[in-house]
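Listed here are the chains, written in short residue letters.
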Amino acid sequence: MTLFAAIAKTLAQAPQRRCLTTRNDEPWLARDLLKQTEHIAGALAGLGIGAGQRVLVKYPKSPDLVLLYLATLRLGAVFVPISPDQTEPETDYILTDVKPHLLICHDHESAAFQKRQSLVKVISMARLRNSPPAPLPSQQATAEAPAAILYTSGTTGRPKGAVLRHDNLLQNAKVLLSAWQISNQDRLLHVLPMHHTHGLFVALNPLLLAGAEIVLRDQFSARKTLEDLARCTLFMGVPTHYARLLQQPELAHTELTQIRLFISGSAPLPKALSDAFFAKTGQRILERYGMTETGMLTSNPLNGKRKAGTVGRPLEGVGIRIRTPSNTRIGEVEVKGRNVFSGYWRKPQATREAFTEDGYFKTGDLGYFDSEGYLHLLARRSDLIISGGLNIYPAEVEEAISSLEGVEEVAVIGVPHPDFGEAVVAVVAGNIVAPALATIKAHLSGRLSSYKHPKHVVKLNALPRNRMGKVEKHRLRQQFANLLTTNPIKF
Ligand code: AMP
């Protein structure tokens, strides 16, 4: 059975149950979601989309996006979501890489896309709704067939498409449903972006599978979240969300006893933050760990000791080992299981390099297991920056900044930040007057999404380099570790 077939079965069993609550608090019943999904799937089929064809979706977070996701799965086509905020060059890179059979975008973007992308068929959601439907295929996809491609990146900074199979998604959804005991009594407050594994797979699949209700919000707002939490039972967030909630004086007076589980992931949840949240609310946040390529890998227990500062134990069916270089227990986390992706889209070499000879995926994260079997993550092997739960690849930002007149060399690093987890800092060097932060931001606007812009600029005479001429970023990170913790940015 595929994930879609399993979800459709749940929806059909209780057609009157509320499964989505939209921005205007309009309820969608299970039967509406199923019917509309079939309608959109039919319209896609009418446009010639079928099994294995790639559907690139650049669309704002909304119930429509849920429909597009489910309709694509229903057809056995491949769902390729990208952020609605991606800039033109970012989108063009992915378009060229994934070569979709269809691009679905918001009405206001479709004319611009049509002009730029003569080789790709483009349709707006509004037109798709009214397009003549074709009958749906009776056969659903096989477990081994690709279901989605999610763009991520390694150290090179160029995004890579992680190909996830139907089996990967179903397996992980079932495991999470069971680990967190999600049921049709649950109501999840959904504040995450829906083009990323966290908001798309973790926060949708197990909930839909269980027949739970998803309260969909366009984005996170601390004040609104506190109001919404009053009628929810589950919350999934990134550490930045928890830091922002803690800044709300109303948190102390908000009734939270109906929330049975606060979950955090996508970036390290500092122990101090977890403890402060516990002290204020009496709720111990459950931290879990996963990746785009692998789905969720570990979780602190629902019942039992939740250890702040750890990401818990391996989830059912997930094999995890630590590849240690020598006599140390710290090493790279390697993983195996039905949840692990099949490879990078049209990147056979990157795929080969990502796996060990005996089939374990090399996560690039460094960590160790403690004596109770809880995994501690220490650092990423690469220089990936995670700010507010969003990934930023330094090479991409460096490339953009170095095109600014007067910049001789630049290194972009992540430094600890009390709110964002990490913040982007640009270190510029050379015999120049360092450009002001505002100048850099103005230069990047339109080139890179704003969350990738530096929060701070520092000037050095020269960047530290090793004998091979490579910039030693770990030294920069050490040097500037307290730059923004002692002098946090105010909002
Ligand atoms: P992504 O593929 O965007 O989900 O990013 C995956 C990376 O996020 C992982 O390889 C980790 O480095 C990091 N990550 C995810 N969850 C956690 C967590 N709970 N603690 C620390 N790092 C995490």
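These numbers come from a predicted model, not from an experiment. (Residues numbered from 1 in each chain as written. Predicted model: local features only at pLDDT ≥ 70, side-chain atom pairs only at ≥ 80, totals over all residues. Heavy atoms only, no water.)

J.: So what's going on with the pairing of strand 1 (residues 18-21)? Which residues, and what values?
T.: Strand direction decides the pairing type here: strand 1 and strand 2 (residues 27-29), joined by three bridges, are antiparallel. Directly across from Leu 20, in strand 2, lies its bridge partner Trp 28. Between the end of strand 1 and the start of strand 2, which pair antiparallel, lie five residues, with Asp 25 showing a positive phi angle near 60 degrees. Relative to strand 10 (residues 213-216), strand 1 is paired through two bridges, and the arrangement is parallel. The residue bridging Thr 21 from the neighbouring strand is Val 215, located in strand 10. (Pairing = 2+ DSSP bridges. Helix = DSSP H or I, 4+ residues; strand = E, 2+ residues; numbered from the N terminus.)

J.: If you had to explain the nonpolar core to someone new, which residues and values would you point to?
T.: Ranked by internal contacts, the top residues of the largest apolar core, which has 89 residues, are Leu 33 and Tyr 69. Take this core: its biggest share by element is nine residues, from helix 3 (residues 63-75). Not counting residues within four places of it along the chain, the set of residues in contact with Tyr 69 comprises Leu 3, Phe 79, Leu 169, Leu 200, Phe 201, Leu 204 and Asn 205. Counting 21 residues, the second largest nonpolar core, distinct from the first, contains Leu 226, Ala 243, Leu 256 and Phe 277. (Core = buried A, V, L, I, M, F, W, Y, C linked by side-chain atoms within 4.5 Å. Buried < 20%, exposed > 50% of the residue type's maximum accessible area, 1.4 Å probe, protein only. Contact = heavy atoms within 4.5 Å.)

J.: Tell me about the sheet that holds strand 25 (residues 456-460), residues and numbers included.
T.: If you walk across this open sheet you meet the three strands as 23-24-25, and the pairing is mixed. What marks the edges here is a single partner per strand, and that holds for strand 23 (409-417) and strand 25. Mean inter-strand twist for the sheet, computed between neighbouring axes without regard to direction, equals 30 degrees. Alignment of strand 24 (residues 421-429) against strand 25, held across five bridges, turns out to be parallel. (Axes fitted to C-alpha atoms, helices over the stretch in contact; angles between N-to-C directions.)

J.: With reference to specific residues and values, describe the pattern of salt bridges.
T.: For side chains of opposite charge, pairing can occur when their charged atoms come near one another. Counted by the stated rule, this structure contains 28 salt bridges. We note a salt bridge from Asp 97 to Lys 347, for which the minimum N-O separation is 3.2 Å. Note that Asp 97 is positioned in helix 4 (residues 88-98) and Lys 347 in the loop between strand 18 (343-344) and helix 13 (348-354), a separation of 250 residues in sequence. Here Arg 475 makes a salt bridge to Glu 472, at a shortest N to O gap of 2.7 Å. Residue class for Arg 475 comes out partly exposed when judged on its relative accessible area of 43%. Several salt bridges share partner residues, and in doing so they unite Asp 25, Arg 217, Lys 224, Asp 228 and Arg 231 into one network. (Salt bridge = Lys/Arg side-chain N within 4 Å of Asp/Glu carboxyl O.)

J.: Residue-level account of helix 11 (residues 239-246), with values.
T.: Counting buried residues along helix 11, seven of its eight residues qualify, which places the element largely inside the surrounding structure. Three or more residues of helix 11 are buried, namely Pro 239, Thr 240, His 241, Tyr 242, Ala 243, Leu 245 and Leu 246. Of the surrounding secondary structure, the elements contacted by the buried residues of helix 11 are helix 10 (222-229), strand 11 (234-237), strand 12 (261-264), helix 12 (271-281) and strand 24.

J.: Provide a residue-level description of the packing of helix 2 (residues 30-46) against helix 3, including the pertinent values.
T.: Look at helix 2 against helix 3: their axes get within 8 Å of each other, and the N-to-C directions meet at 65 degrees. Crossing of helix 2 over helix 3 shows right-handed handedness. Seen from helix 2, the contacting residues are Leu 33, Gln 36, Thr 37, Ile 40, Ala 41, Leu 44 and Ala 45; seen from helix 3, they are Val 66, Leu 67, Leu 68, Leu 70, Ala 71, Thr 72, Arg 74 and Leu 75. Split by residue class, the contact of helix 2 with helix 3 holds 11 nonpolar, three polar and one charged. (Left-handed = near helix turned anticlockwise from the far one by under 90°. Nonpolar A, V, L, I, M, F, W, Y, C, P; charged D, E, K, R; others polar.)

J.: Tell me about the site of the ligand, and please be specific about residues and values.
T.: Surrounding the ligand, one finds 17 residues, the nearest of these being His 196, Glu 287, Arg 288, Thr 292 and Asp 365. Here a nitrogen atom of the ligand and a backbone polar atom of Arg 288 are 2.7 Å apart. A total of 500 Å² of accessible area belongs to the ligand in isolation, and the protein chains cover 95% of it. Mapped onto the shell around the ligand, the elements with two or more residues apiece are strand 13 (286-291) and strand 20 (375-380). With five residues, the top contributor of residues to the shell around the ligand is strand 13. Broken down by class, the residue content of the shell around the ligand amounts to seven nonpolar, six polar and four charged. (Near = heavy atom within 4 Å. Polar contact = N/O pair within 3.5 Å; in protein donor to acceptor, adjacent residues only side chain to side chain. Areas by Shrake-Rupley, 256 points an atom, 1.4 Å probe, with all protein chains shown as cover.)

J.: Tell me about unusual backbone geometry, and please be specific about residues and values.
T.: Leaving glycine out, the prevailing phi sign among residues is negative, and the prevailing peptide bond configuration is trans. A positive phi is found at Gln 181, a non-glycine position, where the angle reads about 45 degrees. Tracing the sequence through the fold places Gln 181 in the loop between helix 7 (166-179) and strand 9 (187-190). Even without glycine at this site, Ser 266 takes up a positive phi of about 85 degrees. Of note, Ser 266 is situated in the loop between strand 12 and helix 12.

J.: Can you explain the sheet that holds strand 15 (residues 313-314)? Please cite residues and give values.
T.: Sheet strands pair by backbone hydrogen bonding; their relative direction is either parallel or antiparallel. Pairing is mixed across the open sheet formed by nine strands, whose spatial order is 2-1-10-9-11-12-13-14-15. Two strands lie at the open edges of the sheet, namely strand 2 and strand 15, each paired on one side alone. Note: strand 11 against strand 12, four bridges, orientation parallel. Paired with Met 236 across the bridge in strand 12 is Ile 263.

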